[in-house]
Amino acid sequence: MTLRPRPAFCSLPAVIAAFALWLCAGAVQAAMYDMPAEGSDVVGKLQHIETSEEDTFVKLARRYNVGYRELRLANPDVDPWLPGEGTPVVIPTRYVLPDVARKGIVINIPEMRLYYYPPENSEYAGKVVTYPLGIGREGWSTPLAKTSIVRKKADPTWTPPASIRAEHEKAGDPLPAVVPAGPDNPLGQHALYLGLPSYLLHGTNKPAGIGLKVSHGCIRLYPEDIASLFALVPTGTPVNIISQPYKIGWEGNTLYIESHPPDANGDAPVRSFTPWVEKLISATASHPDAPVDWDRAQSVVENTDGMPEPIGVQINND
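Residues numbered from 1 in each chain as written. Predicted model: local features only at pLDDT ≥ 70, side-chain atom pairs only at ≥ 80, totals over all residues. Heavy atoms only, no water.

Focus on the overall build of the protein chain
Each helix and strand in the protein chain was counted, giving seven helices and 18 strands. Burial analysis of the protein chain (318 residues in total) assigns 50% to the buried set. Considering only contacts within the protein chain whose residues lie at least 6 apart along the sequence, 68% involve residues at least 24 apart. Accessible surface for the protein chain amounts to roughly 14800 Å². Of this, 53% is attributable to carbon and sulfur atoms. (Helix = DSSP H or I, 4+ residues; strand = E, 2+ residues; numbered from the N terminus. Buried < 20%, exposed > 50% of the residue type's maximum accessible area, 1.4 Å probe, protein only. Contact = heavy atoms within 4.5 Å. Areas by Shrake-Rupley, 256 points an atom, 1.4 Å probe, with all protein chains shown as cover.)

Section: the nonpolar core
Among the nonpolar cores identified, the biggest contains 26 residues, and Ile105, Ile107, Leu114, Leu201 and Leu229 are the most heavily contacted of them. Breaking this core down by element, the ones donating at least two residues are strand E6 (104–108), strand E7 (113–117), strand E8 (127–132), strand E10 (145–154), strand E11 (190–194), helix H5 (223–232) and strand E15 (238–242). Here this core takes four residues from H5, the largest share from any one element. If we ignore the near neighbours within four places in the chain, the residues touching Ile105 are Leu114, Tyr115, Tyr116, Ile149, Leu201, Leu229, Val233, Thr237, Pro238, Val239 and Asn240. (Core = buried A, V, L, I, M, F, W, Y, C linked by side-chain atoms within 4.5 Å.)

Some points on a negative patch on the surface
A grouping of Glu50, Glu53, Glu54 and Glu85 is seen on the molecular surface, where their side chains present a negatively charged patch. In this structure, Glu50 sits in strand E3 (residues 47–50). Relative accessible area serves as the criterion here: at 60%, Glu50 is assigned to the exposed category. (Patch = residues over 30% accessible without salt bridge, like charges linked within 9 Å, V, L, I, M, F, W, Y side chains within 5 Å. Salt bridge = Lys/Arg side-chain N within 4 Å of Asp/Glu carboxyl O. Lys, Arg positive; Asp, Glu negative; His and termini not counted. Charge placed at Lys NZ, Arg CZ, Asp CG, Glu CD.)

Observations concerning the sheet that holds strand E18 (residues 309–313)
Ordered by their spatial adjacency, three strands build an open sheet running E16-E17-E18, and the pairing between neighbours is antiparallel. A single partner strand is all that each edge strand has here, and the edge strands are strand E16 (246–251) and E18. Direction aside, the axes of adjacent strands within the sheet are offset by 25° on average. With four bridges joining them, strand E17 (residues 254–259) and E18 adopt antiparallel strand pairing. Paired with Tyr256 across the strands is Pro310, a residue of E18. Here helix H6 (residues 274–283) sits on the sheet and contacts E16, E17 and E18; the angle it forms with E16, its principal contact strand, is near 20°. (Pairing = 2+ DSSP bridges. Axes fitted to C-alpha atoms, helices over the stretch in contact; angles between N-to-C directions.)

Brief notes about unusual backbone geometry
Phi is positive for Asn65, close to 60°, though the residue is something other than glycine. With respect to the helices and strands, the residue Asn65 is situated in the loop between helix H2 (57–63) and helix H3 (68–74). One non-glycine residue, Asp155, adopts positive backbone phi at about 50°. Since its relative accessible area comes to 47%, Asp155 is described here as partly exposed.

Thoughts on empty space enclosed by the protein
To find leftover empty space, one rolls a probe the size of a water molecule over the atoms. Taken as a whole, this structure holds one cavity of 30 Å³ or more when the rule is applied. Approximately 60 Å³ is the volume attributed to the largest cavity. In this structure, the largest cavity is lined by Glu70, Leu73, Pro92, Arg94, Tyr95, Glu111, Glu258, His260, Asp305 and Gly306. Across the lining of the largest cavity, the residue classes tally to three nonpolar, two polar and five charged. (1 Å grid on protein atoms, 1.4 Å probe; cavity = no way out; pocket = protein on both sides within 12 Å on 5 of 7 lines; lining within 4 Å. Points joined across faces, edges and corners; volume = space filled by probe spheres on them. Nonpolar A, V, L, I, M, F, W, Y, C, P; charged D, E, K, R; others polar.)

Comments concerning the sheet that holds E11
With mixed pairing, the nine strands of this open sheet are ordered in space as E1-E8-E7-E6-E15-E10-E11-E12-E14. The sheet terminates laterally at strand E1 (32–34) and strand E14 (219–220), the two strands that pair on one side only. As defined by bridge partners, E10 adjoins E15 across four bridges and the pair is classed as antiparallel. Bridge pairing links Lys146 to Asn240 in E15.

A look at the pattern of salt bridges
This model, assessed by the stated rule, comprises ten salt bridges. Across the pair Arg102 and Asp41 runs a salt bridge whose closest N-O atoms are separated by 2.7 Å. With a gap of 61 residues between them, Arg102 in the loop between strand E5 (94–96) and E6 and Asp41 in the loop between E1 and strand E2 (42–44) connect regions that are remote in the sequence. Judged by relative accessible area, Arg102 falls into the partly exposed class, the value being 32%. Residue Glu258 pairs with Lys247 through a salt bridge whose shortest N-O separation is 3.2 Å. Of the two residues, Glu258 sits in strand E17 while Lys247 sits in strand E16, which places them eleven residues apart along the sequence. The buried category is assigned to Glu258, whose relative accessible area is 0%. Three or more residues are tied together by salt bridges with common partners; here these are Glu111, Lys247 and Glu258.

This is the structure we're talking about:
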């Protein structure tokens, strides 16, 4: 992390504390990768583990820095609450990078994942950092937009909007006008405020919700992940919130496709083939002779397991 002095709202001790939390909680699975070589788009690798008796998908998701739904999609035949001793589980930590400018923060809603590309003046230039997310639930969808980080706040208070207070009141769980910083604050210990009114990236006091549609539109991260991101990003960082359920890219001479449920819930089937077909045609425009296994590509799209799969290899005839 960059530990240079920050503006008044983010003191150096606070940044160091945030970085220390990240090291303690996430160093084993820190999701920072070297940017792929020019013309390549894939980072990370799949992990294969065997569960212990006390494991659940909630525990494994946080341990390996993935979302709950990612584990469910990658392991559909495993009981998420009682996987049992010695059960093989795939940890889906391999990604095709989204097809947008690799600058600042990119949030892919169907994937429920954030990518951060540090600027050239950062000691982490040439890296990409990625974190799983919790996003807006039905009726409170996280909007697609281009915006930026306009403010940072450690130990934030929360002023719930009238609509959320009314919802809690109706459920018999009234909220105060202002929720103070502390363990009961839904914003957690760190908040990054966006240029979109009322939307922010923040921690959570309910980390089991990462990888699910559970919020009122804001974007949640594990406590250790928001501490990491908080320490990394300066105000003014651009934020691009996109929807790319189908990601297609190259790793060397091999073409990959990665598919996520279009609705971000994992419940709705693929309703249109046009989006991924258009992306596949675009991805192969500079490789007109690349053989593409269209049947395999369609199978991956329909399966929506969130893991990159090879669908063609460019043969060099030089």
